Amino acid sequence: MNKIIERIFKNKKPDFNRLEKYGFKTEGGSRIYATQIMDGQFSLAVKVTADGVETTVTDLATEEPYTLFLAEGAEGGFVGSVRSAYEIALADIAQNCFDSFVFKSEVSEAVIKYVGEKYGDKPEFLWEKFSDNAVLRRSDNKKWYAVILTVTKNKLGLNSDEKVEIIDLRADPEEIGRMVDGKIIFGGWHMNKKHWITVCLDGSLPPEDICRMIDISYNLAK
């Protein structure tokens, strides 16, 4: 897998229904898509399998594979144009046919599924530098009602360097003092602790309880 594919499809998994709608054809256990780039000078073949994404770029004038644009240090206007067209084509496929798969705990998957089904919202990854951080925000006013992150437990005051997925949620300021216990519910991580709480998505609190907190946070974000 080349570095461009690694970057574009990092922490993403294919949605096979969306791949089909996009134009991918099923061949054996693979999904295949073909298009042209650079005003028809090159063809791009994309194969999606259980193991990942593979591509082939062919120079239609010579009918030979073209790989120069993948070489590290390869410069020049033409090479750069091919590389750019290649990246744009793959980024469009990633955006339209793949889901982000950053958060892997069962509780994280459960709350993300809940939010998607109830509110129609999906995690938004706003920071390229922090690719394992995402926000959930209302579609009507764009206000955040949840932030999902990966941190080490010692960031929450726990005696462990183990990484854990957490969710920041809005809460009633009058209730926060009662809720926060420093073991299961914490003051908002990197948020205003007068208005936000943090919960570990490691099973210490059942998903249904977290979903009720999400509903409260959603309403507080009006």
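To be clear, the structure that these remarks concern was listed above.
Computed from a predicted structure; not experimentally measured.

Student: How should I be thinking about the packing of aromatic side chains in this particular structure?
Tutor: Centre-to-centre distance and the angle between the planes together describe a pair of aromatic rings. Applying the stated criterion across every chain yields a total of 12 aromatic pairs. Centre to centre, the rings of Y119 and Y145 are 6.0 Å apart; their planes meet at 65 degrees, and the pair counts as edge-to-face. Taken together, the residues Y119 in helix α4 (residues 106-119) and Y145 in strand β9 (residues 144-152) connect sequence positions 26 residues apart. We note that Y119, like Y145, is buried.

Student: Explain the sheet that holds strand β2 (residues 25-27) here, please?
Tutor: Neighbouring strands of a sheet are bound in pairs by backbone hydrogen bonds; such pairs are parallel or else antiparallel. What the 5 strands build is an open sheet, ordered β2-β3-β4-β5-β6; its pairing is antiparallel. Where the open sheet ends on each side, the last strands, each with one partner, are β2 and β6 (64-65). Bridge count for strand β4 (residues 42-49) against strand β5 (residues 52-59) is 8 bridges, and the pairing is antiparallel. When the bridges of β5 are listed, F42 appears paired with D59. Packing against the sheet, helix α3 (residues 77-97) makes contact with β3 (30-37), β4 and β5, and its axis sits at approximately 40 degrees to β4.

Student: Quick question: what am I supposed to make of the nonpolar core here?
Tutor: Proteins that are soluble and globular tend to have nonpolar side chains buried together. Counting residues in hydrophobic clusters, the biggest one holds 28 residues, and the most contacted among them are F9, L44, V46, Y86, L90 and F98. At the level of elements, α1 (3-8), β3, β4, β5 and α3 are the ones that each hand at least two residues to this core. Per-element tally for this core: the top contributor is α3, with 9 residues. Non-local contacts of L44, meaning those with residues more than four positions away in its chain, are made with Y33, A34, T35, I37, T55, T56, V57, Y86, A89 and L90. Of all hydrophobic cores here, the second largest spans 27 residues; its members include I148, I167, I185 and A221.

Student: Please explain the packing of α4 against helix α6 (residues 207-220) as it appears in this structure.
Tutor: For any two helices packed against each other, the geometry is given by the interaxial angle and the distance between the axes. Put simply, α4 and α6 touch, their axes get as near as 10 Å, and they point 45 degrees apart. Relative to α6, the element α4 is oriented oblique. As α4 runs across α6, the sense of the crossing is right-handed. On the side of α4, the interface is formed by V107, A110, V111, Y114, V115, K118 and Y119, while α6 contributes P207, I210, C211, I214, D215 and Y218.

Student: In this structure, what is going on with a nonpolar patch on the surface? I would like to understand it.
Tutor: Side chains of L126, W127 and F130 sit close together on the surface and give an oily, nonpolar patch of about 270 Å² of accessible area. F130 sits in the partly exposed class, given a relative accessible area of 42%.

Student: Where do I start with the pairing of β3 in this structure?
Tutor: A regular strand carries its side chains on alternate faces of the sheet. Here β2 pairs with β3 via 3 bridges, running antiparallel. Within β3, the residue paired with E27 across the bridge is S30. In sequence, β2 turns back onto β3 through a hairpin of 2 residues, with G28 there showing a positive phi of about 65 degrees. Inspection of the sheet shows β3 paired to β4 by 7 bridges, in the antiparallel sense. Bridge pairing in β4 links I37 to F42. Linking β3 back to β4 in an antiparallel pair, the connection comprises 4 residues, with M38 at a positive phi of about 55 degrees.

Student: Looking at this model, I keep getting lost on the environment of F125. Mind explaining?
Tutor: By secondary structure assignment, the location of F125 is in the loop between α4 and β8 (134-137). Judged by its relative accessible area of 28%, F125 is partly exposed. With 11 residues separating them along the chain, F125 and L136 place their C-alpha atoms 9.3 Å apart. Each residue touching F125, except ones within four places of it in the same chain, is listed here: S100, V102, F103, S131, N133 and A134.

Student: What's the story with α6 in this structure? I'm lost.
Tutor: An ideal rise of 1.5 Å per residue puts 20 Å on 14 residues; α6 measures up with 20 Å between its terminal C-alpha atoms. Among all positions of α6, only I210, C211, M213, I214, D215, S217 and Y218 are buried.

So, how was this worked out
Residues numbered from 1 in each chain as written. Predicted model: local features only at pLDDT ≥ 70, side-chain atom pairs only at ≥ 80, totals over all residues. Heavy atoms only, no water. Phe/Tyr/Trp six-rings, centres within 6.5 Å; stacked < 30°, edge-to-face > 60°. Helix = DSSP H or I, 4+ residues; strand = E, 2+ residues; numbered from the N terminus. Buried < 20%, exposed > 50% of the residue type's maximum accessible area, 1.4 Å probe, protein only. Pairing = 2+ DSSP bridges. Contact = heavy atoms within 4.5 Å. Axes fitted to C-alpha atoms, helices over the stretch in contact; angles between N-to-C directions. Core = buried A, V, L, I, M, F, W, Y, C linked by side-chain atoms within 4.5 Å. Parallel < 35°, antiparallel > 145°, perpendicular 65-115°, else oblique. Left-handed = near helix turned anticlockwise from the far one by under 90°. Patch = residues over 30% accessible without salt bridge, like charges linked within 9 Å, V, L, I, M, F, W, Y side chains within 5 Å. Areas by Shrake-Rupley, 256 points an atom, 1.4 Å probe, with all protein chains shown as cover. Salt bridge = Lys/Arg side-chain N within 4 Å of Asp/Glu carboxyl O. Expected span 1.5 Å × (residues − 1).

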